[in-house]
Amino acid sequence: SGELTARSRAAPVGLPLPVLPSTLVWINLVTGGLLALARATAPSAPDVLSRPPRHPQAEIMTRGFIGWVLLIGCLDAAVTLTAFAYELYTGGSLSSARNAAFFVLVTAELLRSFGARSMTKTIWEIGVLSNMRLCLIVAASFALQLAISQSPFLEPIFNTEPISLAKCLSGVALAMI
């Protein structure tokens, strides 16, 4: 019984699992496949041919890149666990806390797809609307995420519940971090 309880908790912080396996499948589908296709088909940067090529012996995974990936992962974990813990400890049910974590994590990944387009330029320098496929896929994925949260048919599959406008807006604000 003690082992079962330990396995049903988010080990590092002693909380119940913030996301369930069914939601992880959805997260991987929405944030992995469709967004990757949109980024892969993005127009090339105008200065791509004027840049020198990467040295053949240069590492692809530099320390700076690994540090950046770790920072992003820690921020994702922090905002997701913040949404989860806030909902759980302010009187929400475990289901509503998981719903908040699920919503914030997916939204953060969708928003990050805009910033992940360049390591050297900001989203404003590249242009938010310069990749319309990405914009459409993010909008469609966000609409599907809202549909999952609002659909009584999908509630038992993803263990979600309806999300209010206020929670939606606060989730988007948290995901923007």
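Scroll up a little and you will see the structure.
Residues numbered from 1 in each chain as written. Predicted model: local features only at pLDDT ≥ 70, side-chain atom pairs only at ≥ 80, totals over all residues. Heavy atoms only, no water.

Chemist: Teacher, can you tell me more about the packing of helix 3 (residues 63–89) against helix 4 (residues 94–115) here?
Modeler: A pair of packed helices is captured by two measures, namely the crossing angle of their axes and the spacing between those axes. Interhelical geometry of helix 3 versus helix 4 gives an angle of 150° and a closest axis separation of 8 Å. Accordingly, the angle class assigned to the pair helix 3 and helix 4 is roughly antiparallel. With respect to the hand of their crossing, helix 3 and helix 4 are arranged in right-handed fashion. Residue-level inspection shows I72, D76, V79, T80, A83, F84, E87 and L88 of helix 3 in contact with helix 4, the latter providing L94, S96, A97, R98, A100, A101, V104, L105, A108, E109 and R112. Split into classes, the residues belonging to the contact of helix 3 with helix 4 amount to twelve nonpolar, two polar and five charged. (Axes fitted to C-alpha atoms, helices over the stretch in contact; angles between N-to-C directions. Helix = DSSP H or I, 4+ residues; strand = E, 2+ residues; numbered from the N terminus. Parallel < 35°, antiparallel > 145°, perpendicular 65-115°, else oblique. Left-handed = near helix turned anticlockwise from the far one by under 90°. Contact = heavy atoms within 4.5 Å. Nonpolar A, V, L, I, M, F, W, Y, C, P; charged D, E, K, R; others polar.)

Chemist: Is there a simple way to think about helix 8 (residues 165–175) in this case?
Modeler: In an α-helix, one turn spans 3.6 residues; hence positions three or four apart end up facing the same way. Looking at helix 8, one finds that the buried residues are C168, G171, L174 and A175. In an axial view of helix 8, the angular spread of the buried residues amounts to 130°, which keeps them on one side of the axis. Those residues of helix 8 that are exposed and aimed more than 90 degrees away from the buried face are L165, A166 and L169. Where helix 8 is buried, its residues contact helix 3, helix 4 and helix 6 (132–150). (Buried < 20%, exposed > 50% of the residue type's maximum accessible area, 1.4 Å probe, protein only. Arc of directions from axis to C-beta.)

Chemist: Looking at this model, I keep getting lost on unusual backbone geometry. Mind explaining?
Modeler: Glycine aside, residues mostly have negative phi angles, and peptide bonds mostly take the trans form. We note that N159 has phi near 55°; this positive angle belongs to a residue other than glycine. Note that N159 resides in the loop between helix 7 (155–158) and helix 8.

Chemist: Quick question: what am I supposed to make of empty space enclosed by the protein here?
Modeler: Empty space among the atoms becomes visible once a probe the size of a water molecule is rolled across them. Applying the stated criterion across every chain, the model contains one cavity of 30 Å³ or more. Every residue lining the largest cavity is listed: P18, V19, L20, T23, R98, N99, F102, F158, N159 and T160. (1 Å grid on protein atoms, 1.4 Å probe; cavity = no way out; pocket = protein on both sides within 12 Å on 5 of 7 lines; lining within 4 Å. Points joined across faces, edges and corners; volume = space filled by probe spheres on them.)

Chemist: Would you mind showing me how to read the side chain of N99 here?
Modeler: Turning to its location among the elements, N99 is positioned in helix 4. In this structure N99 touches S149, T160, E161, P162 and I163, once residues within four positions along its chain are discounted.

Chemist: What's the story with the nonpolar core in this structure? I'm lost.
Modeler: Proteins that are soluble and globular tend to have nonpolar side chains buried together. One finds W26, F102, V106, L110, L134 and V138 to be the most contacted residues of the largest nonpolar core, which totals 15 residues. Breaking this core down by element, the ones donating at least two residues are helix 2 (21–40), helix 4 and helix 6. Among the nonpolar cores identified, the runner-up in size contains seven residues, and V79, A83, A108 and L174 belong to it. (Core = buried A, V, L, I, M, F, W, Y, C linked by side-chain atoms within 4.5 Å.)

Chemist: What exactly am I supposed to notice about the pattern of salt bridges here?
Modeler: Side chains that carry opposite charge are capable of pairing whenever their charged atoms lie near each other. Scanning the entire structure with this criterion turns up three salt bridges. For D76, the salt bridge goes to R112, with nearest N and O atoms at 2.4 Å. Here D76, found in helix 3, pairs with R112, found in helix 4; they are 36 residues apart in sequence, far enough to count as distant. Through salt bridges that share partners, D76, E109 and R112 make up one connected network. (Salt bridge = Lys/Arg side-chain N within 4 Å of Asp/Glu carboxyl O.)

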